[in-house]
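# Survey of secondary and tertiary structure
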Amino acid sequence: MTRWLLLLISVVTTLVVYLSTTSSPAISQTTDLWNIYDRVLKPAKYVDLTHSFNPTIPVWRGFDHATFKTTIAGSDLPDYIQSGQEYTYADHGFIATAYELPTDQYGTQLDPPAHWDEYGATISDLPATYTIRPLVVVDIHQKVADNPGYHATVADIQAWEAKHGQIPQGSVVMIRSDWSKKWSEVERFNQKPFPGVSLEALKFLHLQRNILFHGHEPLDTDTTPNLEGEYWLLHNHYTQAEGVTNLDKVPEAGALIAIGFAKPEGGTGGYARYVAICPPDWQYGISVLDTPGAPLPKQPYPLRRDPNGVLKPTPR
């Protein structure tokens, strides 16, 4: 892992020096960034930190569940389809899915300040720099195993720093509790006690370490009566990730995180995709070398909708 980080630092340093001395900055930017990709990012291991969402996942009890169904035509197209008719592979050559999403606080998500603050930034206000950052994973899963209601403390963060050094400015700090392993236990997942992050820990991370945001596996920041941690975060114009998974499959230090989210204008939440980028010798994940992504594998059976409207390969 250390060799990988040294390589990344070396490549980035070379890029900075080259860009500062070249007379063709546009060309140098292209070739050096591609060089970083080929040397560092292509052999890296990628681990998805995101739950797939469907109509049956855990959701805060104040919200409803999503509905998935076949898309129907919204108007007549002569000799092709009539308004209200379903699109099918057999008759139209394609299908589409209609999603009724009762809230943007659904599944793995990114909360912008507008979720709680009428003066807060919305999801479409977040800058493009929310793309790739250093990833820090603070592990509290053993304490949560002993006490399901355990909330991460400043001492937990300082213990991480004693092992790995100071948390990088602008990084993303994920709190590993392994609560995501209860994702299929829909009723239990949101019931107290469940793990959280203390207000003091959140203030330390943002005010002392100047992180970009933190993330946690439950769908709430804490279990205090007024959600004091979430209130403080969003009213002070910070964001947070909720409902993340697979934090047991990434290193505590030395990885990066890629951040993607839907961008509804004025949105108060983002359906998010988080992917950890780990060193090439990491035991988990897949690399671009092994899984290039194009073409994608063919399904073993035709896609059919299950009772919840989710498309799945289904034997005839």
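Above this note sits the structure.
Residues numbered from 1 in each chain as written. Predicted model: local features only at pLDDT ≥ 70, side-chain atom pairs only at ≥ 80, totals over all residues. Heavy atoms only, no water.

### Observations concerning the pairing of strand E12 (residues 270–278)
For E12, the buried fraction is high: 8 of the 9 residues fall into the buried class. The pairing of strand E1 (residues 45–48) with E12 spans 4 bridges and is classified as antiparallel. Within the sheet, the bridge partner assigned to Lys45 lies in E12 and is Cys278. Bridge count between strand E4 (residues 109–111) and E12: 2 bridges; the pairing is antiparallel. Bridging from a neighbouring strand, Gln109 pairs with Tyr271 of E12. Bridging between strand E11 (residues 255–261) and E12 involves 6 bridges; their strand directions are antiparallel. (Buried < 20%, exposed > 50% of the residue type's maximum accessible area, 1.4 Å probe, protein only. Helix = DSSP H or I, 4+ residues; strand = E, 2+ residues; numbered from the N terminus. Pairing = 2+ DSSP bridges.)

### Describing a nonpolar patch on the surface
Taken together, the side chains of Leu77, Tyr80 and Phe94 define a hydrophobic patch exposed on the protein surface, amounting to about 250 Å² of accessible area. By the secondary structure assignment, Phe94 is in the loop between helix H3 (89–92) and strand E3 (97–100). According to the relative accessible area criterion, Phe94 is partly exposed, its value standing at 35%. (Patch = residues over 30% accessible without salt bridge, like charges linked within 9 Å, V, L, I, M, F, W, Y side chains within 5 Å. Areas by Shrake-Rupley, 256 points an atom, 1.4 Å probe, with all protein chains shown as cover. Salt bridge = Lys/Arg side-chain N within 4 Å of Asp/Glu carboxyl O.)

### Some thoughts on the environment of Thr239
By the element assignment, Thr239 lies in strand E10 (residues 239–242). Overall, Thr239 belongs to the buried group, its relative accessible area being 1%. Along the chain, Thr239 and Asn308 lie 69 residues apart, while their C-alpha atoms are 32 Å from each other. Ignoring any residue separated from it by four or fewer positions in sequence, one finds Thr239 in contact with Leu110, Asp111, Pro112, Pro113, Leu126, Tyr130, Leu212, Phe213, His214 and Leu234. (Contact = heavy atoms within 4.5 Å.)

### A short note on unusual backbone geometry
The step from Lys192 to Pro193 runs through a cis peptide bond, and the omega angle for that step is 5 degrees. Inspection of the secondary structure puts Pro193 in the loop between helix H6 (186–189) and strand E8 (196–197). That bond from Ala294 to Pro295 is cis: its omega, -5 degrees, falls within 30 degrees of zero. One non-glycine residue, Asp178, lies in positive phi territory at about 65 degrees. The topology assignment puts Asp178 in the loop between strand E7 (172–176) and H6. Here Asp178 falls in the buried class, since its relative accessible area comes to 15%. One non-glycine residue, His237, lies in the positive phi region at around 70 degrees. A relative accessible area of 48% places His237 in the partly exposed class.

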